[in-house]
Amino acid sequence: MLVEECVKEEFTNELFSAMDRMYPLSSYSNGDGGGDVGKMISVQHAERVANLIDSTCKIIYGGELHNVQERFVAPTIVEATADSTIMKEEIFGPILAIITVPSVDDGIHFVNHHYTSKAEHPLALYIFSQSKEEQRKIMNAVPSGTCGVNDLIKQAANYYQPFGGVGTSGIGAYNGKHGFDFFSHYRGILTSNNKSSFRYDPTVWLANPPFDERKIFLFRCVGKVPLVWDQLK
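What counts as what
- Residues numbered from 1 in each chain as written.
- Predicted model: local features only at pLDDT ≥ 70, side-chain atom pairs only at ≥ 80, totals over all residues.
- Heavy atoms only, no water.
- Salt bridge = Lys/Arg side-chain N within 4 Å of Asp/Glu carboxyl O.
- Helix = DSSP H or I, 4+ residues; strand = E, 2+ residues; numbered from the N terminus.
- Buried < 20%, exposed > 50% of the residue type's maximum accessible area, 1.4 Å probe, protein only.
- Contact = heavy atoms within 4.5 Å.
- Expected span 1.5 Å × (residues − 1).
- Arc of directions from axis to C-beta.
- Phe/Tyr/Trp six-rings, centres within 6.5 Å; stacked < 30°, edge-to-face > 60°.
- Pairing = 2+ DSSP bridges.

**Q** Before we go on, may I ask you to explain the pattern of salt bridges in this structure?
**A** Opposite charge on two side chains makes pairing possible when the charged atoms of those side chains draw close. Enumeration over the complete set of coordinates arrives at 6 salt bridges. A salt bridge links Glu-70 to Lys-39; the nearest nitrogen and oxygen atoms lie 3.6 Å apart. A residue pair is termed long-range when its members are at least 10 positions apart, and Glu-70 in the loop between β2 (58-62) and β3 (76-79) and Lys-39 in the loop between α1 (8-22) and α2 (43-51) qualify at 31 residues. Taking relative accessible area as the criterion, Glu-70 reaches 35% and is therefore assigned partly exposed. For Lys-39, a relative accessible area of 38% corresponds to the partly exposed category. The residue Arg-48 makes a salt bridge to Glu-89 at a minimum N-O spacing of 2.5 Å.

Laid out in structure tokens, this is it:
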């Protein structure tokens, strides 16, 4: 999460309060899970996620109740930079990395410099701002698979809206008709009813060799003419 410096203190205070309310650490005090945070799929995955928290970032919430042998990683919030280990790969765990930026423009530059320029586009871009101008500015400047404004996840659950990635975050999109189109193969077929072999028939004369400058010129002209034959029949 990129947070503007001018609201960072207010934001983190509100975030800690929300975490205490929704994911109280006392629910995980036995170190083997509980509450509303599920376990990792395997011990190896729990180790991988827990190891993302190292000296390259700073823990500012939680981070003390992990039990990787029980596949449990406790809710944790860290302060990070672009060089932090946790920013080198997808997390897939209950850890939130916060990066402070001086302004919206700096946030846009951060994403485009470290990720977009390497074709590592976000699968989802989330914008939290009451300014429609800011919303449009960020959406126009940062490519992403999907985008949510002042909300999370819901765009992926909308049956009428395509969900998918762009660049290394994925190819194509699905959901409803979008998924049918994406996972279908459209086969192009042309059936010709022209059986003419008359040498002056354009479909015979123009398409068959020998080719000369006149034919090449006509080919270029034909390629710019709309296909209106079916409408004229």
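Still to come is the rest of the account.
**Q** So what exactly am I meant to see when it comes to the side chain of Asn-175 here?
**A** Within the secondary structure, Asn-175 sits in the loop between β8 (173-174) and α6 (176-182). Classification of Asn-175 by relative accessible area gives buried; the value is 17%. Not counting chain neighbours up to four residues away, the residues in contact with Asn-175 comprise Ala-156, Asn-158, Tyr-159, Gln-161 and Phe-163.

**Q** I'm lost on α1 in this one. Help?
**A** Given 3.6 residues per helical turn, the α-helix brings residues three or four places apart onto the same face. Its 15 residues place the ends of α1 21 Å apart at the C-alpha level, agreeing with the 21 Å of an ideal helix rising 1.5 Å per residue. For α1, the complete set of buried residues consists of Thr-12, Leu-15, Ala-18 and Met-19. All buried residues of α1 fall inside an arc of 125° around its axis, so they share one side. Seen from the open side of α1, the exposed residues pointing more than 90 degrees away from its buried face are Glu-9, Glu-10, Glu-14 and Arg-21. Of the surrounding secondary structure, the elements contacted by the buried residues of α1 are β2, β3 and β4 (95-101).

**Q** Even after reading the chapter, I still don't get the packing of aromatic side chains, so can you show me in this structure?
**A** The relative placement of two aromatic rings is captured by the distance of their centres and the angle of their planes. A full pass over the atoms with the stated rule returns 5 aromatic pairs. Seen in terms of ring centroids, Phe-110 and Tyr-115 are 6.3 Å apart; in terms of plane orientation they differ by 55°. Their pairing is tilted. The same class applies to Phe-110 as to Tyr-115, namely buried. With centroids separated by 5.8 Å and ring planes inclined at 75°, the aromatic side chains of Phe-163 and Tyr-174 adopt a geometry described as edge-to-face. Placement of the pair is Phe-163 in strand β7 (residues 163-164) and Tyr-174 in strand β8, with a sequence separation of 11 residues.

**Q** It is not clear to me how the pairing of β4 should be interpreted in this structure. Could you clarify?
**A** Sheet faces and side chains relate simply in a regular strand, where the side chains alternate between the two faces. Taking burial as the measure, the 7 residues of β4 include 5 buried ones, the bulk of the element. Relative to β4, strand β1 (residues 2-4) runs parallel, the two being bridged by 3 bridges. Considered in β4, the bridge of Glu-4 is made with Val-101. Sheet analysis places β3 next to β4, joined by 4 bridges and oriented parallel. Of the residues in β4, the one forming a bridge with Glu-79 is Ile-98.

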